[in-house]
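What the coordinates show
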Amino acid sequence: MLARLPSLAVRLFTLAAFVFVAACDLAVPSVGGNSGQRIDPSAPVQVALLVPGGTGSAEANAIASSLENAARLAIADLNGVEVDLRVYNTARDAGQASQMAAQAVADGAKIILGPLDAASANAVGVAVAPANVNVLAFSNNTAIAGGNVFVLGNTFGNISDRLVRYAATQGMTRFLIAHQEDLAGSVGRDAISTSIRSNGGTVVGVQSYPFSQQGIFARASAIVNAANSGGAQGIFVTDNVAGGLPILATSLNDQGLVPATTPLIGITRWDAAPQAASLPGLQNGLFAMADAGREAAFRSRYEAAYGAAPHPLASIAYDGIAAIGALAATGDSNALTKASLTRSAGFSGAAGAFRLRRDGTNERALAVAQIVDNRVSIVDPAPLSFGRGGS
């Protein structure tokens, strides 16, 4: 049956995995005092933006430009708050990022927005910790979170928590986890497992597969058998539509998995490739996404201002400035300390509400989407705010 794999799945498969930058054996920096620089509420807030420019790579330069554009768009949206934004190129190198961060602090930066890569963000955190400066990194790698480093990227743990809690409202509490054998797969597996167990669910089994077409073909039967024998009500998957997910979904379907009774549940954005919604193996499947209306509004405003679409990461830079601006608007000289940054009400970002946690991770308000009849449908909208409750 595998020989009849739909050409759509084959076309979608690529070894360009979800970008998740390793940060193994990195020290989490610590800060003392009030855990952040004090500001003069009557003066512009000096913010250092660390972007991945300077590598000679057109792609890196495009990302750098988009991040800066989004940050400046956010500054224009601030009401009664002035931000002195100074931009520094890291060349996607941890050493240079550390040097640029030190220079930014010497130039007067009260907080650092960026950099992009986990290793660079960790190096920046270590470099500026003695100066009591906080870092809002663009990474989603929670291995570097903590101390004076906060990650702004949407984390696997935040996504899996949202999906597990929604699934419980549908009577789903027993899950199999299937993950690709790479860093993103391993981190995703652990995040899913933690979410399931912390929310009272049961992990009936964990299955892995080599990150290749043949690896998926070879493991599909075992994954289906494990799901059936364990009584799984859903299969959490870590792969993405630009990677192995189309092949995996099709292979599991060919091996007899019934999506109507045992749907796939994904921690990546399945709408990133609209064609994926037509795959039989993804029908009835669930994934999380930001508020589509807010995303579209941000994209439209960015295009109107700059004449081109924003990079997918651009909204994170907007969010960083939005948070800084909201706190500075309070007129509190301690606006950029950890206590202020982690306020329970959170902030309003480009794609919805978000808040920072004291452990350096974040929580983003997400919608739950389901693929029904080859279309993406929102089955549980993203909450508009966190209110003042929560942790």
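About the cut-offs
Residues numbered from 1 in each chain as written. Predicted model: local features only at pLDDT ≥ 70, side-chain atom pairs only at ≥ 80, totals over all residues. Heavy atoms only, no water. Helix = DSSP H or I, 4+ residues; strand = E, 2+ residues; numbered from the N terminus. Rg over C-alpha atoms; globule rule 2.2 N^0.38 Å. Buried < 20%, exposed > 50% of the residue type's maximum accessible area, 1.4 Å probe, protein only. Contact = heavy atoms within 4.5 Å. Lys, Arg positive; Asp, Glu negative; His and termini not counted. Charge placed at Lys NZ, Arg CZ, Asp CG, Glu CD. Axes fitted to C-alpha atoms, helices over the stretch in contact; angles between N-to-C directions. Parallel < 35°, antiparallel > 145°, perpendicular 65-115°, else oblique. Nonpolar A, V, L, I, M, F, W, Y, C, P; charged D, E, K, R; others polar. Pairing = 2+ DSSP bridges. Phe/Tyr/Trp six-rings, centres within 6.5 Å; stacked < 30°, edge-to-face > 60°. Core = buried A, V, L, I, M, F, W, Y, C linked by side-chain atoms within 4.5 Å.

1. A word on the overall build of the chain
Across its full length, the chain holds eleven helices and 15 strands. Whereas a compact globule of 391 residues would reach a radius of gyration of roughly 21 Å, the chain reaches 21 Å, a difference of no more than 12%. Counting only C-alpha atoms and orienting by the principal axes, one finds that the chain spans roughly 65 × 45 × 40 Å. Expressed as a percentage of the 391 residues in the chain, the buried residues total 54%. Within the chain, contacts between residues separated by at least 24 positions form 71% of all contacts whose residues are at least 6 apart in sequence. Taken together, the 25 basic and 26 acidic charged side chains of the chain have centroids lying 5 Å from each other.

2. Section: the packing of helix H2 (residues 58-77) against helix H9 (residues 292-306)
Between H2 and H9, the least distance of the axes is 11 Å, while the angle of their chain directions is 100°. The angle between H2 and H9 falls in the class roughly perpendicular. Together, Ser 65, Ser 66, Asn 69, Ala 70, Arg 72, Leu 73 and Asp 77 of H2 and Phe 298, Arg 301, Tyr 302, Ala 305 and Tyr 306 of H9 make up the contact between the two elements. Of the residues contributing to the contact of H2 with H9, the split by class is six nonpolar, three polar and three charged.

3. Notes on the sheet that holds strand E4 (residues 134-137)
If you walk across this open sheet you meet the five strands as E2-E1-E3-E4-E5, and the pairing is parallel. Edge positions in the open sheet fall to strand E2 (83-89) and strand E5 (149-151), since each of these has one partner strand only. Going from strand to strand, the sheet's axes swing by 20° on average, the running direction of each strand aside. With three bridges connecting them, E4 and E5 associate as parallel partners. Within the sheet, the bridge partner assigned to Val 135 lies in E5 and is Val 149. Lying over the sheet, H2 contacts strand E1 (45-51) and E2, oriented at roughly 175° with respect to E2.

4. Quick word on the packing of aromatic side chains
Applying the stated criterion across every chain, the model contains six aromatic pairs. With a centroid separation of 5.6 Å and an interplanar angle of 70°, the aromatic rings of Phe 298 and Tyr 318 are classed as edge-to-face. One end of the pair, Phe 298, is in helix H9; the other, Tyr 318, is in helix H10 (residues 314-328), with 20 residues separating them in the sequence. For Phe 298, a relative accessible area of 7% gives the class buried. Their ring planes at 40° and their centres at 5.6 Å tell us that Phe 347 and Phe 354 sit as a pair that is tilted. For the pair shown, Phe 347 and Phe 354 are each scored as buried.

5. What to know about the nonpolar core
The nonpolar side chains of a soluble globular protein tend to be buried with one another. Core analysis: the biggest nonpolar cluster contains 43 residues, and Val 47, Leu 136, Phe 138 and Ile 321 have the highest contact counts within it. Those elements giving two or more residues to this core turn out to be E1, H2, E2, strand E3 (111-113), H9, H10 and strand E12 (352-356). The element contributing the most residues to this core is H10, with ten residues. If near-sequence neighbours (up to four positions away) are discounted, Ile 321 is found in contact with Val 47, Ala 71, Ala 74, Ile 75, Leu 78, Leu 85 and Leu 113.

6. Brief notes about the pairing of strand E14 (residues 367-372)
In the case of a regular strand, side chains alternate between the two sheet surfaces. Across the six residues of E14, five count as buried, placing the element largely inside the fold. In this sheet, E14 lies alongside strand E10 (residues 286-289) in antiparallel orientation, the contact comprising four bridges. When the bridges of E14 are listed, Ala 288 appears paired with Val 368. Hairpin connection between E14 and strand E15 (residues 375-380): a loop of two residues separates the two successive antiparallel strands, and Asp 373 in this loop has a positive phi of roughly 55°.

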